[in-house]
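Survey of secondary and tertiary structure
Here is what each chain is made of, one letter per residue.
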Amino acid sequence: VTDYLLHAMIYLGAATIAVPVARLLGLGSVLGYLIAGVIIGPLTGLVVDSETETLQHFAEFGVVMMLFLVGLELEPSVMWSMRRRLVGLGGMQVVLTVLAVAALALVAGVDWRIALAAGLILASSSTAIVLQTFDEKGLARTEGGRAGFSVLLFQDLAVIPIIALLPLLALPELVSTVGNGLDADQSLVADLPDWLYGLVLIGSIGIVVVGGHYLSGPIFRFVARSGLREAFTTTALALVVGIAALMGLVGLSPALGAFLAGMVLANSEFRHELEANIEPFKGLLLGLFFITVGAGIRFDLLREDLGLVLGLTLGIMLLKAAILFGLALVAKLRRSDGWLFTLSLAQAGEFGFVLLGYSQDNDVLDAGIARLLALVIALSMFLTPMLFIVFDKVIVPRYQARDDDREPDDVDDEGQVIIAGVGRFGQIVNRLLLANDVPTVVLDRFVGQVERMSQIQMKTYYGDASRPGLLQTAGIANASALVIAIDDYEGSVEMTKYVKHAYPEVFVLARAFDRGHQYLLREAGADYIVKETYYSALELGGETLKRLGLHPFVAQRRRAAFERVEECSGEKLYQAWLEREAEEGFGDNYVDLYMEVERVLDEAMKKNRDDSHDRAERGWTPPPKNYLDDFEGD
Amino acid sequence: MYYRGMTNPDRKILILFAHPSLDRSEVNAELLRAASAVEGISIVDLYGEYPTYQIDIDREQQRLLEHDVVIFMFPLYWYSTPAILKEWQDLVLEYGFAYGADGTALNGKTLLCAITAGGPEEAYRAEGFNHFTLRELLRPIEQTAILCGMRFLAPFALFGSRTAVDGGRVGNHVAEWVNLLEALRDDRVDLAAAQDLSKLNAAGDESTGDKA
């Protein structure tokens, strides 16, 4: 066990140091992980190749989780609107890249089968690096980002026919070592006839879609009702792992299956809670994946054939970039979007590793070429973060000045308000905002409440909003305001503290239970606080005055005066409360002050003069009876 | 209150702006935007600051004390100011502050109205369908100024405001507005002369042959 812990410590330690440093230098976390991998792998030899490879297969699961999360963000209707771009851009990218790579290899005198296999292996880009970087730099919603995503998704789809195609390219002289692509005992479909296999495929996808749509709700609700946070995390993990396993069994891409499942759940009220639960695992596994890519770079091979490897890597990237650039022109991706599309997808990706292993098993490539290609793929992934830096430092500034002249684009998520807690208080806030076309994201941690809300067609997400993770997935980073209306005294204070610390620009409006809570919230940094009882009590008090015979307008003025005195003394009382030292409660000084305020209030209300200005009547007081004497001179 | 730049203008100008539906405004919104770009002028959006009409009397009186020229800026509603500006007068111009034996706080200051009116200028005369000139209709405010010891200037007015955008008259009016504000601020206006005009803007409106 100590051995495992030691290794875990090496990986975690390397990431702990390298990633923050890389972010600090503006290099992005991906490059940080890659460098960490290079340091613990080829540079210092702390980890050896064999375990890196095992770990890499495990870490690739991070990609599956990432696509699940991407699916969650993407409603089917959005996906449908992307269909032309998906097939057009993605299809062209894959076909053109395969052909171009194969043609060049042929010219260089490589056997046509190897040339074609190399093309297929190098055509896909790195979903892991690209999406992670898009996310980190906020590029996912740009035109270039969306186009890039379409291509990545198509590449995921293309892996299925490519896996079917590769064995046909087997070299006769390598066939002696018998190998079957799909490991017989891990595949249910290896021996099935084609028509049956087709049925199984359709059936599996059906299970994911129908199950995701109809079964997930009741199951999540049942688990959420238990109130155990771990139980929900376990269920979420089981869901993703289960789908990946199912897809693996029938020979489909697990990432694709997870993406599909995510999309099915995009409309679910559990969406944000699912995201918050899966997100940390995805982050860890992807990080691990990047480290293993870094650690897997074989410096000895690199030294041997430095010229060849570098030449091939740069050549491939240049070729892919040229094709992407052409596609960007055709797709009318303008300015920085076209460049983002070109630069971000110019590497070979993790599917390349998978296909390499698969090709070797099927006698398509010999070990030498496979090692060479693996090195090229890894190096191209290593160089990708640099291209993003070029994009940030060279491309964006070039277009910035010109873009500034344009009218700003409508940003999807702008003006969004997050409402935490949709009980009797949050509900009213939400209805008012919705009636004014303000997009809201509503969170509540009571399943029963979420259900009641969905019965009256008020879209509500299940989840504990006092957890930072959930607020993040609900989009706090892009929100303009957060309304805190949760039924949790300490929780609301903690939430305020966290949000004002992590997102100081988000305006926090909080509901307080009482005066003490109000002060705690104010101390925590809330921008606007209202005591839940204050205004309704004032309303009722004013009504009582009216019933006692006061003229309605006089009652209204008294009420306004009361509010004014409260407001003026509020500041003093708060300061006194802040000085409460270590005492429990409000402190002696505060109590004195409170009594003083009550006295002032009393006076303000009792004064009923018609010849001087008191607070309640001021402004409506007629001038003194003899005031016309002043004008006698005129 | 909004204030832009300039530490020591010759005359400090306070614009009290009253428009209950700024989002529909075609002329006043432009005038307001132009005014906020002029240095050394304070602007108060009364409906913005007191959406429930709970005017803070002390704060408003303090503002008056700090300025030399007060401008009521509003669209003409039933030949008078929008409600909040009347409320403001009722509350802020208190006995003992603005008038009465000890009410000398506003003595020597200047008051003027910047108005947009829907009717054409021809309507605002004895033969027109509004029967009275704008100056005549503003008499209550003029007398208020007199009682407070303030100098009341002729109004700065745009007539036919509903057709001003289509008629292409807004740009010119805004330019005149900025000129006026700068001239008042820099003390370049002959206040005595400005008291007796029918309106402060040169001519320009859709009406023809208007004198200065």
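These numbers come from a predicted model, not from an experiment.

This next bit is on the confidence of the model for chain A. All names here are of chain A. Averaged over all residues, the pLDDT of chain A is 80; the fraction at 70 or higher stands at 89%. Low pLDDT, under 50, characterises residues 176–185; the stretch is placed with 7 contacts to residues that sit more than four places away or in other chains. Low pLDDT (under 50) marks residues 608–615, which in the prediction has 16 contacts with non-local residues, meaning those over four places away or in another chain.

Right, let's talk about the packing of aromatic side chains for a bit. Residues and elements named next belong to chain A. On inspection of all chains with the given rule, the structure shows 18 aromatic pairs over all chains. Ring geometry for phenylalanine 220 against phenylalanine 232: centres 5.3 Å apart, planes inclined by 25°, an arrangement best described as stacked. Placement of phenylalanine 220 in helix α10 (residues 194–225) and of phenylalanine 232 in helix α11 (residues 229–249) is noted, with a sequence separation of 12 residues between them. Across this residue pair, the class does not change: phenylalanine 220 and phenylalanine 232 are buried. Ring centres 6.3 Å apart and planes at 80° place the aromatic pair tyrosine 498 and tyrosine 503 in the edge-to-face group. A relative accessible area of 22% places tyrosine 498 in the partly exposed class. Classification of tyrosine 503 as buried rests on a relative accessible area of 13%. Every member of this aromatic cluster is reached through a ring pair, and the members are Tyr33, Phe289 and Phe290. Taking NZ or CZ as reference, arginine 511 lies 5.0 Å from the ring centre of phenylalanine 425, over its face.

We now examine the interface of chain B and chain A. Of the residues lining the interface, 13 residues belong to chain B; the matching set on chain A comes to 14 residues. A combined buried area of about 1200 Å² lies between chain B and chain A, and 51% of that area is made up of carbon and sulfur atoms. The largest contributions to the chain B side of the interface with chain A come from Gln54, Glu94 and Tyr95 of chain B, which together make up 42% of the buried area. The tally of links between chain B and chain A comes to 0 salt bridges. The interface formed by chain B and chain A contains 0 residue pairs in polar contact (both at pLDDT 80 or more). If you list the elements that add at least two residues to the side of chain B that touches chain A, you get α3 (57–66) and α4 (83–92) of chain B. Here the residues of the side of chain B that touches chain A sort into 6 nonpolar, 3 polar and 4 charged.

Residue and element names in this part refer to chain A. Strand order in this open sheet of 6 strands is β3-β2-β1-β4-β5-β6, and the pairing throughout is parallel. Of all strands in the sheet, those bounded by a partner on one side alone are β3 (461–462) and β6 (528–531). Where strand β1 (residues 417–420) meets strand β2 (residues 440–444), 4 bridges bridge the pair, whose relative direction is parallel. When the bridges of β2 are listed, valine 417 appears paired with threonine 440. Its contacts with the sheet place helix α19 (residues 424–435) against β1, β2, β4 (481–484), β5 (507–512) and β6, and it is angled at close to 160° to β1.

Our focus in this paragraph is unusual backbone geometry. Residue and element names in this part refer to chain B. For tyrosine 53, which is not glycine, the phi dihedral falls at a positive 70°. Structurally, tyrosine 53 is set in the loop between α2 (46–49) and α3. A positive phi is found at tryptophan 78, a non-glycine position, where the angle reads about 45°. Examined against the element boundaries, tryptophan 78 turns out to sit in the loop between β4 (69–75) and α4. Judged by its relative accessible area of 78%, tryptophan 78 is exposed.

About the cut-offs
- Residues numbered from 1 in each chain as written.
- Chains lettered and ligands numbered in written order.
- Predicted model: local features only at pLDDT ≥ 70, side-chain atom pairs only at ≥ 80, totals over all residues.
- Heavy atoms only, no water.
- pLDDT = per-residue confidence, 0-100.
- Contact = heavy atoms within 4.5 Å.
- Phe/Tyr/Trp six-rings, centres within 6.5 Å; stacked < 30°, edge-to-face > 60°.
- Helix = DSSP H or I, 4+ residues; strand = E, 2+ residues; numbered from the N terminus.
- Buried < 20%, exposed > 50% of the residue type's maximum accessible area, 1.4 Å probe, protein only.
- Lys NZ or Arg CZ within 6 Å of the ring centre and 35° of its normal.
- Buried area = accessible area lost by both parts, 1.4 Å probe.
- Salt bridge = Lys/Arg side-chain N within 4 Å of Asp/Glu carboxyl O.
- Polar contact = N/O pair within 3.5 Å; in protein donor to acceptor, adjacent residues only side chain to side chain.
- Nonpolar A, V, L, I, M, F, W, Y, C, P; charged D, E, K, R; others polar.
- Pairing = 2+ DSSP bridges.
- Axes fitted to C-alpha atoms, helices over the stretch in contact; angles between N-to-C directions.

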